[in-house]
There are 4 protein chains.
Amino acid sequence: MRYEIRTDLALEAREGYQEAAESLRGVSVEEDYDEQREIRTTRVRIESENGAKAMGKEQGLYVTIEAVNLSQPDEGIHREVSEKLAQCLKDMHVFHEKSSVLVVGLGNEKITPDALGPYVVRNLHITRHIIREYGTSGLDGKMTFELSGLIPGVSAQTGMESLEIIQGVVRETQPELVIVVDALAARSTRRLSRTIQVTDTGIHPGSGVGNYRQGINEKSLGVPVIGIGIPTVVDAATIVHDAMVHVMEPLNEKEREAFLGETITPQLRTMFVTPKDVDETVKRLSFTISEGIHLALQHE
Amino acid sequence: MRYEIRTDLALEAREGYQEAAESLRGVSVEEDYDEQREIRTTRVRIESENGAKAMGKEQGLYVTIEAVNLSQPDEGIHREVSEKLAQCLKDMHVFHEKSSVLVVGLGNEKITPDALGPYVVRNLHITRHIIREYGTSGLDGKMTFELSGLIPGVSAQTGMESLEIIQGVVRETQPELVIVVDALAARSTRRLSRTIQVTDTGIHPGSGVGNYRQGINEKSLGVPVIGIGIPTVVDAATIVHDAMVHVMEPLNEKEREAFLGETITPQLRTMFVTPKDVDETVKRLSFTISEGIHLALQHE
Amino acid sequence: MRYEIRTDLALEAREGYQEAAESLRGVSVEEDYDEQREIRTTRVRIESENGAKAMGKEQGLYVTIEAVNLSQPDEGIHREVSEKLAQCLKDMHVFHEKSSVLVVGLGNEKITPDALGPYVVRNLHITRHIIREYGTSGLDGKMTFELSGLIPGVSAQTGMESLEIIQGVVRETQPELVIVVDALAARSTRRLSRTIQVTDTGIHPGSGVGNYRQGINEKSLGVPVIGIGIPTVVDAATIVHDAMVHVMEPLNEKEREAFLGETITPQLRTMFVTPKDVDETVKRLSFTISEGIHLALQHE
Amino acid sequence: MRYEIRTDLALEAREGYQEAAESLRGVSVEEDYDEQREIRTTRVRIESENGAKAMGKEQGLYVTIEAVNLSQPDEGIHREVSEKLAQCLKDMHVFHEKSSVLVVGLGNEKITPDALGPYVVRNLHITRHIIREYGTSGLDGKMTFELSGLIPGVSAQTGMESLEIIQGVVRETQPELVIVVDALAARSTRRLSRTIQVTDTGIHPGSGVGNYRQGINEKSLGVPVIGIGIPTVVDAATIVHDAMVHVMEPLNEKEREAFLGETITPQLRTMFVTPKDVDETVKRLSFTISEGIHLALQHE
């Protein structure tokens, strides 16, 4: 048994890799630091089969927006991150006046660290039904796009895979773009509630707090899919693993496995770690994301 | 302007009709009264085009289970009504060990009198995902059917018609039967929270607290659809109308219209009437319905 | 049996009276209409025993802020009404930098039309615990007051009268002012969600959706009490009564009673009337009130 | 800086101690194992100043009921644990037909692992208001006690200490006994959701997920206080600490501190560990506790 570090952040996947090697073919990284606002934007592009294998992620673009103060109730930083997120969405998709977008909020609304996606959908200014009935009259002139929202729930409540529900709804309502929002698992507590990952590859198996069997992506849905995620939990096993890293340095591979096997019990694998103030943080971040989506859709 | 009495109960539609005529072709009615338990079961079958027109309801079977004590927290009566409901479902559909059923809870979960459907879905023992993954092992021997549940939400939150979402999910997951649960509008406060209507015609336009454009029925979904509804509200306009009936007796048609036009303001039409204890009553009734569904699906 | 019109609005109590008489000793009324913003402010002051008896209200000042658009999602009008409310609170109490205020949200959080008070408390920027621990450092310079909040719940959930809980908490924490927020019953659907009543007499028996036995006021709490209320329901019986007014004109007192006795059934008395969109309206109005409280407490 | 293991369980505090010493004066322990039902009951009595200091707990009786299957949805075990809990409450307090008991649910209802207390209160059959108004008529003959319930909320929402609110309410309503229910922090994930601790010492500083400054006990409230707690979280720091124990064996005290100082970051201290299915588990356990309280209060 090898202990596998679980992370949904391409940024972290790459860090893991860098520990062993200096450069990685087929993976390009650009970083931009906005010093005044203390916002770091990292663009990881996985361009080859090889890169994808090495990173354990699909080929595509992963943009990470990091702001240390994002977990704080500072309205300024949230507005600025919303704007960065809007720009990022516009880079990935060409929005126009009549864009039709379906936002899907994955996760379990009743467990706070998993409720980010549903909260985002609840914050949105849904317009599709108004436009279908009355056209754009009655809407704010800037919001003439068709926005719809779906909270598919979790298998234990529905008996269905999220993907099945989304596929059905997409086929029926035919949006031009699907944005999937989900709470993610990070490798490091350092990134919790401070990082937004936006990717044109959707959401992938084994990701997040929930556990989706198949990718929710352009291939499975037939329309472009952008995934937006914020890490809100770390696996309990990961926390312990990371604390052990230095201790295990003198050990060989086999000794490490034995050591981890003892330390990381099966029960620990059913636990997650989350900040004590996750309730308020997730609510705040859900507004940052919904605002970013609104900004991306508005035209001047 | 003619004031139209709005009711979702076939029972009441027929009462309205009886006021003017003694018999109605193409509509048969059977009544059964369980004296000991004080439960009245009425089966209204609309068998012809004419009958359907006269009743303002689709052709099909409408069974109404009435129990005066159903609005009370008396566990005995709730169990008995669950059993009647189960029997009624079995009369309308042949369930077998491997039945696959999707239960759809219509309505707005955040407005109590409209939350009946969502509450019922939350009470269900969902099994479809377990059977798909592990087969029937691990399940109670009596519960080997595939049960799934969907809460489509309301247009103002999703931007989509409930029908669109249900159509998509049915096409994707192919249940053999859909059961749609909804809060209904009654004509009389006397029936609120005391009556369950079960029909093999699904749910129809203008019904309920919400307002669905198109029928959610076998025609639109491609599989049999059973509708279960409990009246939880009365239109405010109806209350006033009914209070007026005696007063208007001496008036002619035209005078009546003028009188009602003055009394029933447009604003009154945006209001509904509901019992002060609707919160607890809806919760209790949701268990009666989910229990009835479980009983119908269990085999001996 | 005489049918008693139930209203919590002093404005409406006076209207009822005016129907019979032209002027009322001991009750003064001032009205102010802000034409541009379409906000009407009415100040009813009950100054004598006689006036109090005639109005069925305690002696004191009742200010009513009415705005037709208040039930709409127009941010402009909500901001303006918040400002009017703040001014009104300042007229009733002299706030200073170190004011300590307890806001009590009455009502049942689980039944939307009754949830106004709890929602307002949930919106507040609570500071008392911060100031007790760290002083005013770390707070926004304008918010140096001690604000605390209490949601006492309803008797059916707590087994206690709201007054008992509030008395206990006030004795223990000694705020200089208590603001009690509650959903009210109006006489007319016309006023629902469009009217805010502010009074220096607190909240009184028979008021609101709930039913408090004893006044929550300066006399029972030992500190000044301001009541803020918004009508969100009308008794179902009242709706019917009002529709009958013209019909009953030719009848004498005795005939009227007989007529109403028939029309207004005991069951109707357990029902209330509320707008279909009460869910969103109450949420919006709760922000208008909490914002008004914040503005009143801020110093320049 | 010494890393202090945080546990609210007397059982665990003693285990910690036993690691260093064989016996502890002033602390008596009795254990009882119900083999058939696999329920272990441990009674730790701290009888002296010395014992209290060594254990880091107040003098008093701490009963722990452990059942491995308690985290499972097995109704049988829940009923049996409810009965053990009832017996335990009866051992600590002499209930009679007219007992008046206030149950206080501590914690934040919006964060699932902290919501145990509020959930328990919501499950109770509250009777005090009925008895005050109608006497015992209308009540089930077995439930003639006065039961009231309070959910004081958390400081961030109320601006008040839970103790202040409880003191006020107790002074006003004068129950003969207060039962305080809270989610606890355990030292080991092994005990999460499987252990109930009942103590006649109330709830103490630094306990639980929240952080109460002063004890909620007979001394502060003036009436006997029984605390009921279930561990639902473990400090993230504790998980890491425990994983380190073997690694640190060869180190001396000073080296250990240095080592832990590096490994257990300040940020880790703001995190907690909780099972992924905590949502359902906490709901189930809340019923086990409320049922136990009901059983203790019923007379034959």
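Residues numbered from 1 in each chain as written. Chains lettered and ligands numbered in written order. Predicted model: local features only at pLDDT ≥ 70, side-chain atom pairs only at ≥ 80, totals over all residues. Heavy atoms only, no water.

Colleague: Summarise the relation of the copies chain C and chain B; cite the residues concerned and give the values.
Modeller: Put simply, the two copies of the chain differ by a rotation about an axis and a shift along that axis. With an RMSD of 0.1 Å, the operation that places chain C on chain B is a rotation of 179° combined with a shift of 0.0 Å along the axis. Put plainly, the chains are arranged around a two-fold axis. No C-alpha of chain C approaches the rotation axis more nearly than that of Val273 of chain C, which lies at 2.2 Å. Taken as a fraction of all interface residues of chain C, those also at the interface in chain B reach 100%, which identifies the copy contact as same-surface. (Least-squares fit on C-alpha atoms with pLDDT ≥ 70 in both. Contact = heavy atoms within 4.5 Å.)

Colleague: Which residues make up the packing of aromatic side chains, and what values go with them?
Modeller: Aromatic ring pairs: the centre-centre distance and the angle between the two ring planes describe each pair. Under the defined criterion, the tally for this structure stands at zero aromatic pairs over all chains. Directly above the aromatic system of Tyr33 of chain B lies the positively charged group of Arg40 of chain B, at a separation of 4.5 Å from the ring centroid. (Phe/Tyr/Trp six-rings, centres within 6.5 Å; stacked < 30°, edge-to-face > 60°. Lys NZ or Arg CZ within 6 Å of the ring centre and 35° of its normal.)

Colleague: I'd like a description of the relation of the copies chain D and chain A, backed by residues and values.
Modeller: Overlaying chain D with chain A gives an RMSD of 0.1 Å, the required rotation being 179° about an axis along which the chain moves by 0.0 Å. The fraction of interface residues of chain D whose copies in chain A are also interface residues reaches 97%, indicating that both copies meet through the same surface.

Colleague: Run through unusual backbone geometry, naming residues and quoting values.
Modeller: The backbone phi angle of Gln174 of chain A is positive, close to 45°, even though this residue is not glycine. Note that Gln174 of chain A resides in the loop between α7 (162–173) and β6 (177–186). Of note, the phi angle at Ser193 of chain B is positive, near 65°, even though the residue is not glycine. Structurally, Ser193 of chain B is set in the loop between β6 (177–186) and β7 (195–199). Exposure remark for Ser193 of chain B: the relative accessible area of 5% places this residue in the buried category. (Helix = DSSP H or I, 4+ residues; strand = E, 2+ residues; numbered from the N terminus. Buried < 20%, exposed > 50% of the residue type's maximum accessible area, 1.4 Å probe, protein only.)

Colleague: How would you sum up a positive patch on the surface? Please name residues and give values.
Modeller: A contiguous patch of positive charge, built from Lys110 and Lys283 of chain A, Lys110 and Lys283 of chain B, Lys110 and Lys283 of chain C together with Lys110 and Lys283 of chain D, is present on the exposed surface. Following the sequence through the fold, Lys283 of chain A ends up in helix α11 (residues 278–297). (Patch = residues over 30% accessible without salt bridge, like charges linked within 9 Å, V, L, I, M, F, W, Y side chains within 5 Å. Areas by Shrake-Rupley, 256 points an atom, 1.4 Å probe, with all protein chains shown as cover. Salt bridge = Lys/Arg side-chain N within 4 Å of Asp/Glu carboxyl O. Lys, Arg positive; Asp, Glu negative; His and termini not counted. Charge placed at Lys NZ, Arg CZ, Asp CG, Glu CD.)

Colleague: Can you tell me about the interface of chain D and chain A, naming the residues and giving the values?
Modeller: Of the residues lining the interface, 29 residues belong to chain D; the matching set on chain A comes to 28 residues. Both sides of the chain D and chain A interface together cover about 2500 Å² of buried area, and 63% of this is carbon and sulfur. For the interface between chain D and chain A, the tally reads zero salt bridges. At the boundary of chain D and chain A, one finds two residue pairs in polar contact (both at pLDDT 80 or more). Looking at which element gives the most residues to the side of chain D that touches chain A, the answer is helix α9 (residues 236–248) of chain D, with six residues. The pairing of strand β9 (residues 271–275) of chain A with strand β9 (residues 271–275) of chain D spans five bridges and is classified as antiparallel. Considered in β9 of chain D, the bridge of Val273 of chain A is made with Val273 of chain D. (Buried area = accessible area lost by both parts, 1.4 Å probe. Polar contact = N/O pair within 3.5 Å; in protein donor to acceptor, adjacent residues only side chain to side chain. Pairing = 2+ DSSP bridges.)

Colleague: An account of the arrangement of the chains is needed here, citing residue identities and associated values.
Modeller: Over all C-alpha pairs, chain A and chain C never come within contact, reaching a minimum spacing of 12 Å. There is no contact between chain B and chain D; across them, the least C-alpha separation is 12 Å.

Colleague: Lay out the pattern of salt bridges in plain terms, naming residues and giving numbers.
Modeller: Throughout the structure, instances matching the rule amount to 43 salt bridges over all chains. A salt bridge links Glu80 of chain C to Arg37 of chain C; the shortest N-O distance between them is 3.8 Å. Taken as a pair, Glu80 of chain C in helix α3 (residues 75–92) and Arg37 of chain C in the loop between β1 (27–34) and β2 (39–46) lie far apart in primary sequence, 43 residues in all. Judged by relative accessible area, Arg37 of chain C falls into the partly exposed class, the value being 32%. Where Arg128 of chain C meets Glu146 of chain C, a salt bridge forms, and the shortest distance between an N and an O atom there is 4.0 Å. Residue Arg128 of chain C is located in helix α5 (residues 128–134), and its partner Glu146 of chain C is located in strand β5 (residues 146–150); the two are separated by 18 residues in the primary sequence. The buried category is assigned to Arg128 of chain C, whose relative accessible area is 4%. Beyond isolated ion pairs, a larger network of salt bridges with shared partners links Asp34, Arg37, Glu80 and Lys84 of chain A.

Colleague: Outline the interface of chain C and chain B, listing residues and values.
Modeller: Every contact between the two is made by 28 residues of chain C and, on the other side, 29 residues of chain B. Across the interface of chain C and chain B, roughly 2400 Å² is buried in total on both sides, 63% from carbon and sulfur atoms. Of all residues in chain C, the largest losses of buried area upon contact with chain B belong to Met271, Phe272 and Lys276 of chain C, amounting jointly to 25% of the total for that side. Here chain C and chain B share zero salt bridges between them. Applying the counting rule to chain C against chain B returns two residue pairs in polar contact (both at pLDDT 80 or more). Secondary structure elements with two or more residues in the side of chain C that touches chain B: α9 (236–248), α10 (253–263) and β9 (271–275) of chain C. Of the residues forming the side of chain C that touches chain B, the biggest block, six residues, is contributed by α9 of chain C. Here the residues of the side of chain C that touches chain B sort into 14 nonpolar, six polar and eight charged. (Nonpolar A, V, L, I, M, F, W, Y, C, P; charged D, E, K, R; others polar.)

Colleague: Outline α7 of chain A, listing residues and values.
Modeller: All names here are of chain A. The end-to-end C-alpha distance of α7, which contains twelve residues, comes to 16 Å, matching closely the 16 Å that a straight helix rising 1.5 Å per residue would cover. For α7, the tally of buried residues reaches ten of twelve residues, placing the bulk of the element in the interior. Ser162, Leu163, Glu164, Ile165, Ile166, Gln167, Gly168, Val169, Val170 and Thr173 are the residues of α7 that are buried. At the C-terminal side of α7, Gln174 shows a positive phi close to 45°. (Expected span 1.5 Å × (residues − 1).)

Colleague: With reference to specific residues and values, describe the side chain of Glu164 of chain C.
Modeller: Along the chain, the position of Glu164 of chain C falls in helix α7 (residues 162–173). Look at Glu164 of chain C and you get buried, because its relative accessible area is 16%. In contact with Glu164 of chain C, other than residues within four places in its own chain, are Arg128, Glu172 and Thr173 of chain D.

Colleague: Now, about the packing of helix α4 (residues 116–123) of chain A against α11 of chain A: what can you tell me, with residues and values included?
Modeller: All names here are of chain A. Running from amino to carboxyl end, α4 crosses α11 at an angle of 50°, the nearest separation of the two axes being 8 Å. The angle between α4 and α11 places the two elements in the oblique class. In the crossing of α4 with α11, the sense of the turn from one axis to the other is right-handed. Along the contact surface, α4 presents Leu116, Tyr119, Val120 and Asn123, while α11 presents Val282, Lys283, Leu285, Ser286, Phe287, Ile289, Ser290, Ile293 and His294. For the contact of α4 with α11, the residue count by class is eight nonpolar, four polar and one charged. (Axes fitted to C-alpha atoms, helices over the stretch in contact; angles between N-to-C directions. Parallel < 35°, antiparallel > 145°, perpendicular 65-115°, else oblique. Left-handed = near helix turned anticlockwise from the far one by under 90°.)

Colleague: Let's hear about the pairing of strand β8 (residues 225–235) of chain C: which residues, and what values?
Modeller: All names here are of chain C. Of all the eleven residues making up β8, eleven are buried; the element is thus mostly covered by neighbouring parts of the structure. Where strand β6 (residues 177–186) lies against β8, nine bridges are found, and the strand directions are parallel. Pairing of Ala183 across the sheet is with Ile230, part of β8. Taken together, the three bridges between strand β7 (residues 195–199) and β8 define a ladder with antiparallel strand orientation. Within β8, the position partnered with Thr199 by the bridge is Gly227. Relative to β9, β8 runs antiparallel, the two being bridged by two bridges. Within β9, the residue paired with Asp235 across the bridge is Phe272.

Colleague: Describe the confidence of the model for chain A, listing the residues and the values that go with them.
Modeller: Low-pLDDT stretches of the model should not have their predicted coordinates read in fine detail. Residue and element names in this part refer to chain A. In this model, chain A carries an average pLDDT of 85, and 90% of its residues clear a pLDDT of 70 or more. Per-residue pLDDT stays below 50 along residues 18–22; that stretch engages in one contact with residues further than four places along the chain or on separate chains. Predicted complex metrics record ipTM = 0.86 and pTM = 0.82. (pLDDT = per-residue confidence, 0-100.)

Colleague: Please provide a residue-by-residue account of the environment of Ile65 of chain A, values included.
Modeller: Residues and elements named next belong to chain A. Mapped onto the secondary structure, Ile65 falls in strand β3 (residues 60–67). As for Ile65 and Glu83, which are separated by 18 residues in sequence, their C-alpha atoms are 11 Å apart. Setting aside residues no more than four positions away along its own chain, Ile65 makes contact with Ile39, Arg40, Thr41, Val81, Lys84, Leu85, Arg194, Thr195 and Ile196.

Colleague: With reference to specific residues and values, describe the environment of Ile126 of chain D.
Modeller: The topology assignment puts Ile126 of chain D in the loop between α4 (116–123) and α5 (128–134). For the pair Ile126 of chain D and Met143 of chain D, spaced 17 residues apart in sequence, the C-alpha to C-alpha distance is 9.9 Å. If sequence neighbours within four positions are ignored, Ile126 of chain D has contacts with Ser155, Ala156, Gln157, Thr158 and Gly159 of chain C together with Leu147, Ser148 and Gly149 of chain D.

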